[in-house]
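What follows is the residue order along each chain.
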Amino acid sequence: MYKYFSSRALRWMQTMTFAIKEINKRNDLLPQLKLGLHIRDSCDDIPVSLRASLLLVNGQPERGSSADCSAVQRTVSSVIIGDAASGVSMALLRSLGSFHIPLVSYFASCSCLSNQREFSTFMRTMPSDAFQIRALARLVSYFGWTWVGVIGVESDYARFAIELFLQESVQYGVCAAYTHFYPVTLNQQALDELLDIIQIATSKVIINFSGESELQAILTEIRRWNITGLQWIASEAWATATSLWENFGDLMMGTLGFAIRRADVIPGLKEHLMSLRPPHIEKSAFLAEFWEELFKCRLNGSVNSHSHGSDNYFDRLPCKGTEDLNDVYSPYADVTQLRVSYNVYKAVYLVAHSLHDMSNCIVGQGPFLNGTCADPKNFQPWQLIHYMKRANFSALGEKINFDENGDPIAYYDLLNWQKRPDGSLHLVKVGFFDASLPTGHSLVINDSGIQWPASRSVCSDSCPPGSRIARRKGEPVCCFDCVPCAEGQISNKTDSLECSRCSEDSWPNTARDLCLPKSIEFLSYHDLMGIVLCVVSVLGACISLSILAIFFAYQDTPLVRANNMELSLLLLMFLAVCFLVSLLFIGEPSDWLCRIRYPAFGISFALCISCLLAKTIVVLMAFRSTLPGSNVMKWFGPNQQRASVLLGTVIQVIICLIWLFTNPPHVTNNTDYHSATIIIECVAGSEVGFWCVLGYIGLLACMCFLMAFLARKLPDKFNEAKFITFSMLIFFAVWITFIPVYVSTAGKYTVAVHIFAILASAFALLFCIFAPKCYVIILKPEKNSKKNIMQR
């Protein structure tokens, strides 16, 4: 067993001797065999460890060393329990590989040792760092510490652990603000370099992979530099190092760390540890040194090079022999945190159970060639490792088994360093990590029981809902900017990597964290604008029908008769239709409504303009017929007038039918104009069809205007050509203005512009042509006489 001398290491050594004595007393385990041991101090140094191990495997115990092999027939060690350090264990395995000596470590946790191709004779009762690293990555992620500093001593243990952490932390969104290795022997230059990094960095959470001795030097400098507010995360190497609390309790308050599984009690161990007495310890350099340093006295006959090297060793008084371990506190006798000691205990029982399985082997059913078995009293070391790999036993009620790499199933206690009222350290279990549980349930934390400094450690603040993460080029993934979601997109969780687009019928709210149904827009009868246009449309139809009633009532008067009563009545009726057609443009559009409104608009105006064109032609023909020898009016009598109106309208009807049968108007949901609004509107379907309908109305209007313009100065009071001319000018002004406004607007305003053009042009025709006549009929009846009309 190898470990640099300390009170804790001495307890581990004594635990090994206790376990061996316990096994040797049992009748149910190895009844025919007894275990023996050689103990060597590795000094945590590879050359020292190699020298001692080679002496052991060659059967040559070091002269003057402590050995208890009275019950063992052979002096060659068949298995080595140690070392505590991963680096030393690796060196031993590489050196002893040709001997195939099994090596069982109780504290070496480097994941590199799980490589069975390179270290086929290695086993351990200490979980691999791969599990600890997974637990640490999930721990810092759990508390939102995405920006952490990672430091470690220059060793295989720390190097592999930090490499694993950097790989594992990526999937949890945790980044290393810095990684730094410092030498085992910390000089002032190395400390200053480390403290500069810690002080400058924005991270307040530090994960440290080292032992307690290196950390003591670092904490001393941190106090000297007056750096406060650090949250320490302990690796299992120092998660229970209570000796740090005495001098650095204020700095270590709230420390979190994973510690290996603890044994509540190992029956009889406390008594075994406390049974040391001077007569029994003088033969062991380890125990003698411990006793002399603990009681500050000198044992007679002890040879202790370490103590002799101290300046005041020879000034000490001889030990009285009445010293009692119960009178002083020492980590050696502290059995409240039996973690590594428990691992040592399990390591001894692993060897014992493997030998027991070997003893119970039945010839012919053995695991070796032709079913042979190994002789428990004379076996090869490689035969023992075969049984150790398949060991399955219980220790203190815990089921012990190993995976294919020789690693135990990982279980860690999450410890929080808290201060008791008396100022002492209280290691409080606030959670656990069980690798045997599913990934999402393997880490359990009791938040309410934790005490820590109010540490917040992030490179960039979390991106709130409504924004997404934008990585900064050349920086770790934890350093980012928050970019608001683009138009039409949302993110409904914190730190979204992407924004999602809302569905076609929804749109983001102002915060862009929720999709809301889009508002529906169309020109409704409930809108103020729709109500006004509806009232004006009905009013225009009523006025038209009222004038029609007046003309019908005064149909025998000279003024009505002189202005072609039949065409006038038809025009008034068609104007009323034009006013009412505008109502088809109000309300929620549908396919059938779209297919009606455009043809109805085109045909109604074609009827009106055709009537005006016929009236204008009649005026020209009437004056032409007054010329001597002219017989024109017989070619444009009432039948021809009706036919001309019908012909002008039929052409428009044909255009509309072609439009409806090829690519008719239809309803659509327009989101292009305003993304947050669904505009329900009618689209023309065929733009050619729409402009052909409008163009044909314009063609009729141009012909009407031309003829009315030619007849505007004909000398007769009943000549209405000048009124038609004026009405056509207004008609052109309205529709020429309508085109650019119609093209540049959208939604209900487009419909409103269309209705306004219909109403404006209809009112222009109504008032320009019929207002003067109504004025005479109603207000100036004396002028409604044949004599007055015939005056030139």
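Since the model is a prediction, treat every value here as computed from it, not as a measurement.

About the thresholds
Residues numbered from 1 in each chain as written. Predicted model: local features only at pLDDT ≥ 70, side-chain atom pairs only at ≥ 80, totals over all residues. Heavy atoms only, no water. Helix = DSSP H or I, 4+ residues; strand = E, 2+ residues; numbered from the N terminus. Expected span 1.5 Å × (residues − 1). Buried < 20%, exposed > 50% of the residue type's maximum accessible area, 1.4 Å probe, protein only. Arc of directions from axis to C-beta. Contact = heavy atoms within 4.5 Å. Pairing = 2+ DSSP bridges. Axes fitted to C-alpha atoms, helices over the stretch in contact; angles between N-to-C directions. Salt bridge = Lys/Arg side-chain N within 4 Å of Asp/Glu carboxyl O. Phe/Tyr/Trp six-rings, centres within 6.5 Å; stacked < 30°, edge-to-face > 60°. Core = buried A, V, L, I, M, F, W, Y, C linked by side-chain atoms within 4.5 Å. Polar contact = N/O pair within 3.5 Å; in protein donor to acceptor, adjacent residues only side chain to side chain. Disulfide = S-S within 2.5 Å. Parallel < 35°, antiparallel > 145°, perpendicular 65-115°, else oblique. Nonpolar A, V, L, I, M, F, W, Y, C, P; charged D, E, K, R; others polar. pLDDT = per-residue confidence, 0-100. Right-handed = clockwise from strand over helix to strand, strands pointing away.

(A) A look at helix α5 (residues 156-170). If you check α5, its first and last C-alpha atoms are 22 Å apart, about what 15 residues at 1.5 Å a residue would give, namely 21 Å. Taken together, the buried positions of α5 are occupied by Tyr-157, Ala-158, Ala-161, Ile-162, Phe-165, Glu-168 and Ser-169. End-on, the buried residues of α5 take up no more than an arc of 135°, which puts them together on one face. The exposed set on the far side of α5, more than 90 degrees from its buried face, consists of Gln-167 and Val-170. At its buried positions, α5 is contacted by α3 (86-96), α4 (129-142), β6 (147-153), β7 (175-182) and β8 (205-209).

(B) Quick peek at the sheet that holds strand β23 (residues 666-670). An order of β22-β24-β23 is seen for the 3 strands of this open sheet, with the pairing classed as mixed. Only two strands of the sheet have a single partner each, and these edge strands are β22 (519-521) and β23. For this sheet, the mean angle separating the axes of adjacent strands, direction not counted, is 25°.

(C) Structural view of the pattern of salt bridges. A full pass over the atoms with the stated rule returns 20 salt bridges. A salt bridge links Arg-261 to Glu-398; its shortest N-O distance comes to 3.2 Å. One end of the pair, Arg-261, is in the loop between β10 (256-260) and α9 (269-274); the other, Glu-398, is in strand β12 (residues 398-400), and 137 residues separate them in sequence. With relative accessibility at 29%, the residue Arg-261 sits in the partly exposed group. Under the relative-accessibility criterion, Glu-398 is labelled buried at 16%. Look at the salt bridges and you will find they share partners, linking Glu-154, Asp-156 and Arg-159 into a network.

(D) Summary view of the sheet that holds β10. In space, the 8 strands of this open sheet follow the order β7-β6-β8-β9-β10-β13-β14-β15, with mixed pairing throughout. Both edges of this open sheet fall to β7 and β15 (443-445), since each of them pairs with a single strand only. Across the sheet, the mean angle from the axis of one strand to that of its neighbour is 25°, orientation sign disregarded. When strand β13 (residues 411-419) meets strand β14 (residues 425-434), the two strands line up antiparallel, connected through 9 bridges. In the sheet register, Leu-414 faces β14, and the bridge partner there is Gly-431. Against the sheet, helix α6 (residues 188-200) touches β6, β7 and β8, its axis set at about 170° to β7.

(E) Molecular detail of the packing of aromatic side chains. All chains considered together, the criterion is met by 30 aromatic pairs. Centre to centre, the rings of Phe-551 and Phe-770 are 5.4 Å apart; their planes meet at 80°, and the pair counts as edge-to-face. Here Phe-551 is found in helix α15 (residues 528-553), whereas its partner Phe-770 is found in helix α22 (residues 748-779), with 219 residues between them in sequence. In this structure, Phe-551 and Phe-770 share a single accessibility class: buried. Pairing Phe-605 with Phe-731 gives two aromatic rings, centres 6.0 Å apart and planes at 50°, and the pair type is tilted. With a gap of 126 residues between them, Phe-605 in helix α18 (residues 591-625) and Phe-731 in helix α21 (residues 721-744) connect regions that are remote in the sequence. With a relative accessible area of 1%, Phe-605 lands in the buried category.

(F) Highlighting the nonpolar core. Counting 134 residues, the largest nonpolar core has Phe-165, Phe-209 and Trp-232 as its most contacted members. Element by element, the count of residues in this core is highest for helix α13 (residues 340-359), at 12 residues. Other than its neighbours up to four places away in sequence, Phe-165 contacts Ile-133, Leu-136, Ala-137, Val-140, Val-148, Val-150, Val-174 and Ile-207. By size, the runner-up hydrophobic cluster in this structure holds 73 residues, among which are Leu-523, Cys-608, Cys-611 and Ile-617.

(G) Summary view of the side chain of Ser-235. Looking at where Ser-235 falls in the secondary structure, it is placed in the loop between β9 (231-234) and α8 (243-252). Only 3.2 Å separates the side chain of Ser-235 from the backbone oxygen of Asn-208, close enough to count as a polar contact. In this structure, Ser-235 is in contact with Gln-132, Tyr-157, Asn-208, Phe-209, Ser-210 and Phe-258, ignoring residues within four places of it in sequence.

(H) Here's a closer look at the environment of Phe-286. Positionally, Phe-286 belongs in helix α11 (residues 285-295). The exposure class of Phe-286 is buried, given its relative accessible area of 17%. A C-alpha to C-alpha distance of 63 Å links Phe-286 and Glu-498, two positions 212 residues apart in sequence.

(I) Seen up close, the environment of His-386. For His-386, the location among the structural elements is in helix α14 (residues 381-389). Distance in space between the C-alpha atoms of His-386 and Met-274 is 37 Å, their sequence separation being 112 residues. If sequence neighbours within four positions are ignored, His-386 has contacts with Pro-367 and Phe-368.

(J) Representation of the state of the cysteines. Tallying each qualifying case throughout the model produces 9 disulfides. Between Cys-459 and Cys-479 runs a disulfide, and the two sulfur atoms are separated by 1.9 Å. Judged by the torsion about the S-S bond (105°), the Cys-459/Cys-479 disulfide is right-handed. Residue Cys-459 is found in the loop between β15 and β16 (467-471), and its partner Cys-479 is found in the loop between β16 and β17 (480-484); the two are separated by 20 residues along the sequence. For Cys-459, a relative accessible area of 25% puts it in the partly exposed group. Judged by relative accessible area, Cys-479 falls into the buried class, the value being 2%. Shown here is the disulfide that connects Cys-502 with Cys-515, its sulfur atoms set 1.9 Å apart. Handedness here is read from the sign of the S-S torsion; for Cys-502 and Cys-515, about -90°, the answer is left-handed. One end of the pair, Cys-502, is in the loop between β19 (500-501) and β20 (506-508); the other, Cys-515, is in strand β21 (residues 515-517), with 13 residues separating them in the sequence.

(K) Just the packing of α21 against α22, in detail. Remark: α21 packs on α22, axes separated minimally by 9 Å, with the N-to-C direction vectors making an angle of 175°. Judged by the angle between their axes, α21 and α22 are roughly antiparallel. When α21 is examined against α22, the residues Phe-723, Ile-724, Phe-726, Ser-727, Met-728, Ile-730, Phe-731, Val-734, Trp-735, Phe-738, Val-741 and Tyr-742 are found in contact with a partner set consisting of Thr-750, Val-753, His-754, Ala-757, Ile-758, Ala-760, Ser-761, Ala-764, Leu-765, Cys-768, Ile-769 and Pro-772. Split by residue class, the contact of α21 with α22 holds 20 nonpolar, 4 polar and no charged.

(L) View of the environment of Leu-317. Within the secondary structure, Leu-317 sits in the loop between α12 (305-308) and α13. A C-alpha to C-alpha distance of 8.1 Å links Leu-317 and Lys-296, two positions 21 residues apart in sequence. With sequence-adjacent residues up to four places away left out, Leu-317 is seen in contact with Cys-297 and Arg-298.

(M) Region of the structure containing the confidence of the model for the protein chain. Counting all residues, the mean pLDDT for the protein chain is 85, and 91% of those residues have values of 70 or more. Here residues 64-74 is a poorly scored stretch, pLDDT under 50, and it has 16 contacts once near neighbours within four places are set aside; other chains count. Note on residues 305-309: pLDDT under 50 across the span, and 9 contacts to partners over four residues away in sequence or across chains.

(N) Representation of the pairing of β9 within the structure. Burial along β9 is two-sided: the face carrying Gln-231 and Ile-233 and the face carrying Trp-232 and Ala-234 are both buried. Alignment of β8 against β9, held across 4 bridges, turns out to be parallel. Paired with Val-205 across the two strands is Gln-231, which belongs to β9. After leaving β8, the chain enters helix α7 (residues 212-225) and then returns to the sheet as β9, a path that is right-handed. Relative to β10, β9 runs parallel, the two sharing 2 bridges.

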